[in-house]
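Chain residues, written in single-letter form:
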Amino acid sequence: MSTIEPFVLGDRPVKRLGYGAMQLAGPGVFGPPKDRDAALAVLREAVAAGVNHIDTSDFYGPHVTNRIIREALHPYSDNLVIVTKVGARRGADASWIPAFSANELTQAVHDNLGNLGLDVLDVVNLRAMFDVHGPAEGSLEAPLATLAELQRKGLIRHIGLSNVTPRQVADARKMVEVVCVQNQYNLAHRADDALIDDLARDGLAYVPFFPLGGFNPLQSSILSDVAAQLGAKPMQVALAWLLQRAPNILLIPGTSSVAHLRDNLAAADIVLSDDALTALDGIAAPAAHG
């Protein structure tokens, strides 16, 4: 891993290149993985390589990824921070269903604790579900009150937010201490530029998901050209750009392949020149009209 400075998530320093466990479940993040041994190997390789921030949820599977994490890594090393999220459940048809009631959120926290084999969860992100596919306005007051009560009981150390609007972030911060925001953000999808900078000023983490998604052919060709010049892979360049975009960005690229994991972690060693950054920054311009 590179010399990029760690960032404090809650009260724990983590390396800025972490690991997202979503892809350890079956197709559509539903059911068991095709190769459980491979899933275990990826987690063990990640931690052996120095990763100390793992992102998961008990609605991945459901219950699949957390049990794999426990099997692979329990008892956990003292420096490992496991972040989970609540606010949704899975239908029998693999659909994503809002699960915002006090009972559902409380059950989700207990399920995460049990399946991960933990007494307290480091960080729990509340995933807004007003629109399954992206942030949409709506009040988070009641679910945050539930999480705050679970925090007071000692089951949660820190609270974060996922799939949220800037207004929801501002409102939530009046109610609870928010330590991170997890939204879609990448080279082509940059709606959260201002939010990232606001959070950086306050020392709060921003965790982008889908770091390589939604590119049109022109955007993909720009990324590929920069990667070719650097002798790197497009995904590595996209991750390197995110690391250089702001010091509070924590990455959680997911994979079920050890080889792909090593490629992802190598992105921390890529330093993008001003020319490369200019070319990559230009990728967002066409997306603004799309």
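What you see is a predicted model; the values in this text were computed from it and never measured.

K.L.:
What am I meant to see in the confidence of the model for the protein here?
P.N.:
Low pLDDT marks regions whose predicted coordinates should not be analysed in detail. With 97% of its residues at a pLDDT of 70 or more, the protein has an overall mean of 95. Of the regions scoring below 50 in pLDDT, residues 286-290 engages in 5 contacts with residues more than four places distant in sequence or in other chains.

K.L.:
Any chance you could explain the side chain of Arg-245 here in plain terms?
P.N.:
When you line up the elements, Arg-245 lands in helix 8 (residues 234-245). Judged by its relative accessible area of 19%, Arg-245 is buried. Of note is the side chain of Arg-245, whose polar atom sits 3.0 Å from the side chain of Tyr-185. A distance of 3.1 Å separates polar atoms of two side chains, one belonging to Arg-245 and the other to Asp-197. Setting aside its immediate chain neighbours within four residues, Arg-245 contacts Tyr-185, Arg-190, Asp-193, Ile-196 and Asp-197.

K.L.:
Help me out: how do you make sense of the packing of aromatic side chains in this one?
P.N.:
In this description, an aromatic ring pair is defined by two values, namely the gap between the centres and the angle between the planes. Applying the stated criterion across every chain, the model contains 6 aromatic pairs. Centroid distance Phe-209 to Phe-210: 5.3 Å. Interplanar angle 80°. Geometry classified as edge-to-face. Site record: aromatic cluster; members linked through ring pairs are Phe-59, Tyr-60 and Trp-96. If you follow Arg-90 out to its NZ or CZ, it ends over the ring of Trp-96, 3.6 Å from the centre.

K.L.:
Sorry, what's going on with the environment of Ser-224 here?
P.N.:
Looking at the element boundaries, Ser-224 is found in helix 7 (residues 217-230). Note: C-alpha distance between Ser-224 and Arg-262 (38 residues apart in sequence) is 19 Å.

K.L.:
Sorry if this is basic, but what is going on with the layout of surface pockets here?
P.N.:
To find leftover empty space, a probe the size of one water molecule is rolled over the atoms. Roughly 800 Å³ of volume is contained in the largest pocket. As for the largest pocket, its lining consists of 38 residues, of which Met-22, Tyr-60, Arg-127, Phe-209 and Phe-210 are closest to the centre. Counting residues per element, the ones that place at least two in the lining of the largest pocket are strand 10 (178-184) and strand 11 (205-209). When residues of the lining of the largest pocket are assigned to their parent elements, the largest contribution, 3 residues, is made by strand 10. Classifying every residue of the lining of the largest pocket gives 19 nonpolar, 15 polar and 4 charged.

Each value, and the rule that gives it
- Residues numbered from 1 in each chain as written.
- Predicted model: local features only at pLDDT ≥ 70, side-chain atom pairs only at ≥ 80, totals over all residues.
- Heavy atoms only, no water.
- pLDDT = per-residue confidence, 0-100.
- Contact = heavy atoms within 4.5 Å.
- Helix = DSSP H or I, 4+ residues; strand = E, 2+ residues; numbered from the N terminus.
- Buried < 20%, exposed > 50% of the residue type's maximum accessible area, 1.4 Å probe, protein only.
- Polar contact = N/O pair within 3.5 Å; in protein donor to acceptor, adjacent residues only side chain to side chain.
- Phe/Tyr/Trp six-rings, centres within 6.5 Å; stacked < 30°, edge-to-face > 60°.
- Lys NZ or Arg CZ within 6 Å of the ring centre and 35° of its normal.
- 1 Å grid on protein atoms, 1.4 Å probe; cavity = no way out; pocket = protein on both sides within 12 Å on 5 of 7 lines; lining within 4 Å.
- Points joined across faces, edges and corners; volume = space filled by probe spheres on them.
- Nonpolar A, V, L, I, M, F, W, Y, C, P; charged D, E, K, R; others polar.

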